[in-house]
Amino acid sequence: MTTTPHPTATPSATSPSATSPSATSPAGRVRPGSASTSGGSAQATIVIPGSIPMVSLLGSRDELLRVVETAFPADVHVRGNQITVTGRPEEVALVERLFDQLVTVLRTGQTLTADAVQRSATMMRDDAVTSPAEVLTQNVLSHRGRTIRAKTLNQKRYVDAIDRNTLTFGIGPAGTGKTYLAVAKAVQALQGKKVNRIVLTRPAVEAGERLGFLPGTLSEKIDPYLRPLYDSLRDMVDPDAIARLMTSGVIEVAPLAYMRGRTLNDAFIILDEAQNTTPEQMKMFLTRLGFGSKIVVTGDITQVDLPHGAASGLRTVTRIVEGLPDVHVATLTTADVVRHTLVGHIVDAYERWDARADQ
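Computed from a predicted structure; not experimentally measured.

Cut-offs used in this document
Residues numbered from 1 in each chain as written. Predicted model: local features only at pLDDT ≥ 70, side-chain atom pairs only at ≥ 80, totals over all residues. Heavy atoms only, no water. Helix = DSSP H or I, 4+ residues; strand = E, 2+ residues; numbered from the N terminus. Buried < 20%, exposed > 50% of the residue type's maximum accessible area, 1.4 Å probe, protein only. Contact = heavy atoms within 4.5 Å. Areas by Shrake-Rupley, 256 points an atom, 1.4 Å probe, with all protein chains shown as cover. Expected span 1.5 Å × (residues − 1). Salt bridge = Lys/Arg side-chain N within 4 Å of Asp/Glu carboxyl O. Polar contact = N/O pair within 3.5 Å; in protein donor to acceptor, adjacent residues only side chain to side chain. Core = buried A, V, L, I, M, F, W, Y, C linked by side-chain atoms within 4.5 Å. Axes fitted to C-alpha atoms, helices over the stretch in contact; angles between N-to-C directions. Parallel < 35°, antiparallel > 145°, perpendicular 65-115°, else oblique. Left-handed = near helix turned anticlockwise from the far one by under 90°. Nonpolar A, V, L, I, M, F, W, Y, C, P; charged D, E, K, R; others polar.

1. Structural notes on the overall build of the protein
No. 1: Along the backbone of the protein there are 13 helices and 13 strands.
No. 2: Across the 359 residues that make up the protein, the buried fraction comes to 46%.
No. 3: The long-range fraction of contacts in the protein, counting pairs at least 24 apart against all pairs at least 6 apart in sequence, stands at 71%.
No. 4: Surface summary for the protein: the accessible area is close to 18,400 Å², and the carbon and sulfur share equals 53%.

As C-alpha cells, this is what we get:
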C-alpha cells in the first residue's frame, strides 16, 4: 500500500526521496510523504496495491469503510484504488496506518470483518505502538481448517504470558476468551510434545441453584459442571480422539476436589471458574505444580457463586503472588468480549449498576 502526498505537498510521489528505501515503513507498504496541511487539517492519498481487491478492503457495499469512518473523525473518500483522507493530522495518520495494517492482514489470506476492523481501530487508539495485523494474524491453534487466534491486544498479551510464564492468571468477564484460549494453548503444548498430558479442572459449585441429588454414576453427576471444558476441547480435538485420549489419561477433566494429594508433572493444568474456589482450595491447587508443568487459572471475580460471605480464592491469590517470579496476572475487560456485541454492553451495565449500589 502506497501513501502519496496531496499535489500541493512535497516531495512528489515520484521524487527520489519518496521512493527511496529510507521512505519505506517497516511493513514495506507505505511511503509516508508529507501530507498537505491547511488551517490545522491534513490530507493524504493512500494507493492500494492492485493485488488487493478493493471489495475485500472496503467490504460489501462499503461495510468496512463505514466502520473506519465511524471510528475516526476524518473524511475518507475512495476513487478506484485510491483513498483520500482529510482531517486533523493525527487522525489522518491513524487512518493511513490502519489501512496499512488491514492490507497486511489481507496479504496473509485472511478475510476482514467489521468486527476485526473495529478492533483494529480500537487497538491503535489504545496503544500507539500496537500492530493490529500482528495480533490478528498470530495463530494459536489450527484444527480442521479453522484457526484460533487472539482477537484483541489484551488477548494477545494473555496468550504471550502463557508462553512466558509457569503460572498465569486470566481474569475477566464472560466472553473474553480466557478459558477458550487457555485450552487452545494446552492442546498446542500437547501436540508440540511440550507436555505429556492436559488436566482441566473446575470447582463443582452451583450457580445460584440447588440441583439436589443428581442421578447416575459419579462421573454423570459431575459432568454438568465440567461441560464447558468439554465444549472447548471439541472445537480443537476430534471427538473420537478426545475419547481415546481421556481413556488413556492424556486428557483429564475432573472436579477440583480430585486434585488433593497429587503432584502433576509434565502437564498443562487449567483451573477454570477459579472465582468459586476458597483460599484454601486455591492454595491446594497451586501446590499441585510439578516439574515441567504449566498452570493457567481463569475466572471472573464479578460472578462468585460461593455462599454469601465466603472469600474467593481468586480474589485473594492475586494479592498473595504479586511480585513472584514466573507468575503473570492478565486482566481482560469488556473491550475483549468476543461474543455478541451486546454481551459487552450487558457486562458494562451490570458494573454501573453494582457501582451505584455500593454508593
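Once you've had a look at it, read on.
2. Let's talk about unusual backbone geometry
No. 1: For Asp 62, which is not a glycine, the phi torsion comes out positive at approximately 60°.
No. 2: A relative accessible area of 36% places Asp 62 in the partly exposed class.
No. 3: Even without being a glycine, Lys 193 presents a positive backbone phi close to 60°.
No. 4: Looking at the secondary structure, you find Lys 193 in the loop between α8 (178–191) and β9 (197–202).
No. 5: By relative accessible area, Lys 193 is classed as exposed at 74%.

3. Side note on helix α7 (residues 153–164)
No. 1: Between its first and last C-alpha atoms α7 spans 16 Å; for 12 residues at 1.5 Å apiece the expected length is 16 Å, and the two agree.
No. 2: Listing the buried residues of α7 in full gives Leu 153, Gln 155, Lys 156, Tyr 158, Val 159, Asp 160, Ala 161 and Ile 162.

4. Thoughts on the pattern of salt bridges
No. 1: Tallied over the full model, the rule gives 11 salt bridges.
No. 2: For Arg 119, the salt bridge goes to Asp 115, with nearest N and O atoms at 2.9 Å. With Arg 119 and Asp 115 both in helix α5 (residues 114–126) and four residues apart, this pair spans about one turn of that helix.
No. 3: Residue Arg 119 is classed as buried on the basis of its relative accessible area of 11%.
No. 4: A relative accessible area of 37% places Asp 115 in the partly exposed class.
No. 5: One salt bridge in this structure joins Glu 252 and Arg 262, with 2.8 Å as the shortest N-O distance. Placement of the pair is Glu 252 in strand β10 (residues 251–255) and Arg 262 in the loop between β10 and β11 (267–271), with a sequence separation of 10 residues.
No. 6: When salt bridges with common partners are traced through the structure, they connect Arg 88, Glu 90, Glu 91 and Arg 125 into a single cluster.

5. Overview of the side chain of Thr 334
No. 1: By the secondary structure assignment, Thr 334 is in the loop between β13 (327–331) and α13 (341–358).
No. 2: A polar side-chain atom of Thr 334 sits 2.9 Å from a polar atom in the side chain of Asp 348.

6. Some words on the nonpolar core
It is characteristic of soluble globular proteins that their nonpolar side chains tend to be buried jointly.
No. 1: One finds Ile 48, Leu 57, Phe 72, Ile 83, Val 85 and Phe 99 to be the most contacted residues of the largest nonpolar core, which totals 37 residues.
No. 2: Breaking this core down by element, the ones donating at least two residues are β3 (41–47), α2 (54–58), α3 (63–71), β5 (82–87), α4 (89–107), α5 and α6 (132–137).
No. 3: Counting residues per element, this core draws most heavily on α4, at nine residues.
No. 4: With 32 residues, the next largest nonpolar core counts Leu 141, Val 159, Ala 189 and Ala 241 among its residues.

7. A short note on the environment of Leu 332
No. 1: Considering the arrangement of structural elements, one finds Leu 332 in the loop between β13 and α13.
No. 2: The exposure class of Leu 332 is buried, given its relative accessible area of 4%.
No. 3: For Leu 332 and Gly 175, which are 157 residues apart along the polypeptide, the C-alpha to C-alpha distance reads 9.9 Å.
No. 4: With sequence-adjacent residues up to four places away left out, Leu 332 is seen in contact with Asn 154, Gln 155, Tyr 158, Ile 171, Gly 172, Pro 173, Thr 176 and Lys 178.

8. Here we look at the environment of Ala 335
No. 1: Tracing the backbone through its elements, the reader meets Ala 335 in the loop between β13 and α13.
No. 2: Once the C-alpha coordinates of Ala 335 and Arg 119 are considered, the two residues, 216 residues apart in sequence, prove to be 8.7 Å apart.
No. 3: With residues up to four places along the chain from it excluded, the contact list for Ala 335 reads Arg 119 and Thr 152.

9. A short note on the packing of α4 against α5
No. 1: In contact at an axis separation of 10 Å, α4 and α5 are set at 130° when each is read in the N-to-C sense. Here α5 runs oblique to α4, going by the angle between their axes. Considering how the two elements wind past one another, α4 and α5 form a crossing that is right-handed. Two secondary-structure elements touch here, α4 through Glu 91, Leu 94, Arg 97, Leu 98 and Leu 102 and α5 through Val 117, Ser 120, Ala 121, Met 124 and Arg 125.
No. 2: Residues belonging to the contact of α4 with α5 are distributed by class as follows: six nonpolar, one polar and three charged.

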